[in-house]
Amino acid sequence: MSTSLREPTLTGSLPASTASADGHSRRKPRRALTTGAKYAVLVTVTALFFAPIAYMLIGSFKPSDEVLDGLGGFLPVDLSFDNYLGVITRFDSPATGYFANFYLTSAIVAVVVVGGGLVVNSMAAYALARLRWRGRNSVLMLVIILVILPFEAIAVPLYYLMNDYRNTYFVQFIPFVASAFSIFLFYTFFIGLPAEIQESARLDGAGPWRVFWQIVVPMSKPVFASVTILSFLAAWSSFLFPVMMIDQPQYRPLPLEIAVFKAQPPTDWGQIFAFGVLLVIPVVIVFLLFQRWFIQSVASSAMKG
Amino acid sequence: MVLSAPTNQRRRPAVRFGYDNAAGVLFSLPAVLLLIGFVVVPFIMAFVLSMQIVRLDAARPPIWVGLEQYRRILFDPDFSPIFWRSLLNNLTFALIVVPVQTALAVALAVLLNQKLRGIAFFRTFFFLPVVFPMALVAVVWTLIFSRDSLGLLNGFLSWISFGAIPPQDWLGNPALALISIAIMSIWAGVGFQMVIVLAGLQEIPPELYEAASIDKASKWQQFLHVTLPGLRNTLVFVIMITTIFSLRLFDQVYIMTSGGPDDSTTTVMYQAVTSAFVENNVGRGSAMTVIFVLIIIAITLIQRRILRQDTQIS
């Protein structure tokens, strides 16, 4: 809707919209009481909401038979790194795959999808937003139509068409490099940039290539950050297509492997949770470091969609 | 005037349509080729394949059967019940998830929009599940939903009700399995919606609340008459993406229940994928895909219409 990348103020001070900054409760004790009640509600709701993650975290350090133990699963007793060592050593042959391979697959897919995607999608978006060429309107139309098409709509025919590339890295990243959604995010950002600097640079003899890389890209860090975050999340979570295309352990990405691991009897829940923690750690670290960007990019992508 | 005249003349070529023909094509070519090769062609192939009987690695060439695949999945008593069941499951799932998740997202957003010290810290927790891959969430919740008293959810419900609520077989009971998957999906997705609603809340001009306060409107009245109308477009958007998300349901079902028990959790995508992948019936899977796409398009058009009506009114 709005093309400006308005920061949805998620840290620090907020406009007092629904908060009680209305001067109703001037007497201090009552305000202290309501503040206390508010915190009590917040802490309770947050604790309930966080429970599944805490359960996984605590369980990953506990012996398997103590994980499945009702509320006892939360008790931090008998903690050790055994599950982590176990999960790394149990994958020790080509038949099981190696732990490092799962990580490598996910990393390769994420790097190519994010890196390749930033280049091709931003360039296409720049051509659509700022260059004047025949076919621009048709391509823009195509992008807008493709934005609403989820991957599920093409999974089955793609499975048929890419049969020769089963069990490769290639098949896992190539359908996701170009993304109509990323192009759309870049496009709305570039449209909002002041055109004067670009125009004057071109009058000074700079070609579109130089204008894009030396002027537009440095001005567009927020949208590059947003697209990086959103495409990294999607690439790291990729599941449906690997399910269809990958059956050799060597090429399994982490999310597919945890599903395979969980389905193998006897289920060792402690190790499965340790696997889960190792799987999610990269995204959580990136999330905690760039939290403001994360939340902002999700909110702004939604506002634009 | 004299000074600007030459600039205008120099500028004119830059404005001419077709000035950047070569650059425009070259800049967009990599993305356009990839989009055509890996999105447009497969999308068209979905329609083509849906009119054939076609198998992978089959000795026989594909057979053209026209609309036969559609007739089978929609009307043939041998194949249609499972497909209608999957459509019904998607609909049920959407009817649970969309209202509950939206209401929760609004409640959480209002809760977390308060002016309190450390509120950003609390927001972190609610957004965290959004970065978790759905496969991992499904694996963790499979254990939470364990059927006997050792299951975490059963343990919690028993504790909070002083033993009044008996252990449930959350994923094994046909009456509960889809609801359980819905609960988990709400947990995983509500943070995403909350962030969007939070951004929407902050777009509402504070003056409206001031005016409402002067008119002695209660907090609840302010919520009904200022907050909700102010969130209208945000909510239309949120409801639409959650509806589409409900139709895409696959990962959770694949990991937690494989569509069971008694097909109570099978979905359109799960049927499309298993038709193609397990039964090696690419034609039928493609026909289901096409129906899926038609439903997505219908929802998108409805949403556009609602939003357009809104802009006409205001």
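Residues numbered from 1 in each chain as written. Chains lettered and ligands numbered in written order. Predicted model: local features only at pLDDT ≥ 70, side-chain atom pairs only at ≥ 80, totals over all residues.

Observations concerning the overall build of chain A
Then step 1. Secondary structure assignment for chain A yields 14 helices and two strands.
Then step 2. Split into buried and exposed, the 305 residues of chain A put 43% on the buried side. (Helix = DSSP H or I, 4+ residues; strand = E, 2+ residues; numbered from the N terminus. Buried ≥ 20, exposed ≤ 12 C-beta atoms within 10 Å, placed from the backbone.)

Let's talk about the overall build of chain B
Then step 1. When its secondary structure is counted, chain B shows 14 helices and two strands.
Then step 2. Compactness check: chain B gives a C-alpha radius of gyration of 26 Å against a globular reference of 20 Å for 314 residues, more than 25% above the reference.
Then step 3. In terms of its C-alpha atoms, chain B occupies a principal-axis envelope of roughly 85 × 70 × 35 Å.
Then step 4. Sequence-distant contacts in chain B: of pairs separated by 6 or more residues, those separated by 24 or more amount to 65%. (Rg over C-alpha atoms; globule rule 2.2 N^0.38 Å. Contact = placed C-beta atoms within 7 Å.)

Considerations on the interface of chain B and chain A
One frequent convention defines the size of an interface as the accessible area lost when the parts assemble.
Then step 1. If you look at the interface, chain B gives 93 residues, while chain A gives 94 residues.
Then step 2. When residues of the side of chain B that touches chain A are assigned to their parent elements, the largest contribution, 18 residues, is made by helix H2 (residues 21–49) of chain B.
Then step 3. Partitioned by chemical class, the residues of the side of chain B that touches chain A number 67 nonpolar, 20 polar and six charged. (Nonpolar A, V, L, I, M, F, W, Y, C, P; charged D, E, K, R; others polar.)

Side note on helix H13 (residues 268–277) of chain B
Then step 1. In terms of burial, H13 of chain B is a largely internal element, eight of the ten residues being buried.
Then step 2. Looking at H13 of chain B, one finds that the buried residues are Val-268, Met-269, Tyr-270, Gln-271, Ala-272, Val-273, Ser-275 and Ala-276 of chain B.

Description of the domain arrangement of chain B
Then step 1. With domains assigned, chain B is organised as domain 1 (14–49) and domain 2 (65–313).
Then step 2. Each of domain 1 of chain B and domain 2 of chain B has a C-alpha centre, and the two are 34 Å apart. (Domains from an automatic or database assignment.)

Concerning the packing of helix H3 (residues 99–130) of chain A against helix H10 (residues 221–237) of chain A
How two helices pack is summed up by the angle between their axes together with the distance between the axes.
Residues and elements named next belong to chain A.
Then step 1. Running from N to C, H3 and H10 cross one another at 145°; their axes reach a closest spacing of 9 Å. Pair H3 / H10 crosses with right-handed handedness. Across the interface between the two elements, Ser-106, Val-109, Ala-110, Val-113, Val-114, Gly-117, Leu-118 and Asn-121 of H3 pack against Phe-224, Val-227, Thr-228, Ser-231, Phe-232, Ala-235 and Trp-236 of H10.
Then step 2. Residues of the contact of H3 with H10, tallied by class, amount to ten nonpolar, five polar and no charged. (Axes fitted to C-alpha atoms, helices over the stretch in contact; angles between N-to-C directions. Left-handed = near helix turned anticlockwise from the far one by under 90°.)

Re the nonpolar core
For soluble globular proteins, nonpolar side chains are generally found buried alongside one another.
Then step 1. Core analysis: the biggest nonpolar cluster contains 161 residues, and Ala-124, Tyr-126 and Ile-258 of chain A together with Val-195 of chain B have the highest contact counts within it.
Then step 2. With 15 residues, helix H8 (residues 177–201) of chain B is the largest single contributor of residues to this core.
Then step 3. In this structure, Val-195 of chain B is in contact with Ile-295, Val-298 and Ala-299 of chain A together with Phe-127 of chain B, ignoring residues within four places of it in sequence. (Core = buried A, V, L, I, M, F, W, Y, C linked by C-beta atoms within 7 Å.)

Comments concerning the confidence of the model for chain B
Then step 1. Summing up the model confidence of chain B, the mean pLDDT is 87 and the portion of residues at 70 or higher is 92%.
Then step 2. Between residues 1–17 of chain B, whose pLDDT stays under 50, and residues either more than four places distant or in other chains, the model counts six contacts. (pLDDT = per-residue confidence, 0-100.)

Section: unusual backbone geometry
Then step 1. Residues Pro-265 of chain A and Pro-266 of chain A are joined by a peptide bond in cis, for which omega reads -5°.
Then step 2. Among the structural elements, Pro-266 of chain A can be located in the loop between helix H12 (254–263) and helix H13 (269–289).
Then step 3. A positive phi angle, near 60°, is found at Lys-216 of chain B, a position not held by glycine.
Then step 4. You can see Lys-216 of chain B is positioned in the loop between helix H9 (206–214) and helix H10 (219–230).
Then step 5. Even without glycine at this site, Asn-280 of chain B takes up a positive phi of about 55°.
Then step 6. As for its placement among the helices and strands, Asn-280 of chain B is situated in the loop between H13 and helix H14 (282–313).

Focus: the domain arrangement of chain A
Then step 1. Split by domain assignment, chain A resolves into domain 1 (28–92) and domain 2 (98–264).
Then step 2. Spacing between the C-alpha centres of domain 1 of chain A and domain 2 of chain A amounts to 35 Å.

A look at the environment of Pro-62 of chain B
Residues and elements named next belong to chain B.
Then step 1. Counting through the fold element by element, Pro-62 comes out in the loop between strand E1 (52–53) and strand E2 (63–64).
Then step 2. It is 23 Å that separates the C-alpha atoms of Pro-62 and Met-269, two residues lying 207 residues apart in sequence.
Then step 3. The contacts of Pro-62, once residues within four sequence positions are left out, are Gln-52, Ile-53 and Val-54.

Considerations on the confidence of the model for chain A
Close inspection of predicted coordinates is inappropriate for parts of the model with low pLDDT.
Then step 1. In the predicted model, chain A carries a mean pLDDT of 85, and the fraction of residues at 70 or more is 88%.
Then step 2. Throughout residues 1–26 of chain A the model reports pLDDT below 50, and contacts reaching past four residues in sequence, or to other chains, amount to 53 contacts.

Section: the environment of Ile-204 of chain B
Residues and elements named next belong to chain B.
Then step 1. Examined against the element boundaries, Ile-204 turns out to sit in the loop between H8 and H9.
Then step 2. Among the residues examined, Ile-204 registers 18 C-beta atoms within 10 Å and is labelled partly exposed.
Then step 3. On a C-alpha basis, the gap between Ile-204 and Asn-280 in space is 53 Å, while along the polypeptide they are 76 residues apart.

With respect to the environment of Val-253 of chain B
Then step 1. Considering the arrangement of structural elements, one finds Val-253 of chain B in helix H12 (residues 251–256).
Then step 2. Setting aside chain neighbours within four positions, we find Val-253 of chain B in contact with Ile-181, Gly-259, Thr-265, Thr-266, Thr-267 and Tyr-270 of chain B.

Points about the packing of H12 of chain A against H13 of chain A
All names here are of chain A.
Then step 1. With their axes 10 Å apart at the nearest point, H12 and H13 run at an angle of 175° to one another. In this view, H12 runs roughly antiparallel relative to H13, as classed from their interaxial angle. Touching Leu-254, Ile-258, Phe-261 and Lys-262 of H12 are Ile-272, Phe-275, Gly-276 and Leu-279, all from H13.
Then step 2. Counted by class, the contact of H12 with H13 contains six nonpolar, one polar and one charged residues. (Parallel < 35°, antiparallel > 145°, perpendicular 65-115°, else oblique.)

What about helix H11 (residues 232–247) of chain B?
Then step 1. With 16 residues, H11 of chain B extends 23 Å from end C-alpha to end C-alpha; this agrees with the ideal 22 Å at 1.5 Å per step.
Then step 2. For H11 of chain B, the set of buried residues is Thr-234, Phe-237, Val-238, Thr-242, Thr-243, Ser-246 and Leu-247 of chain B. (Expected span 1.5 Å × (residues − 1).)

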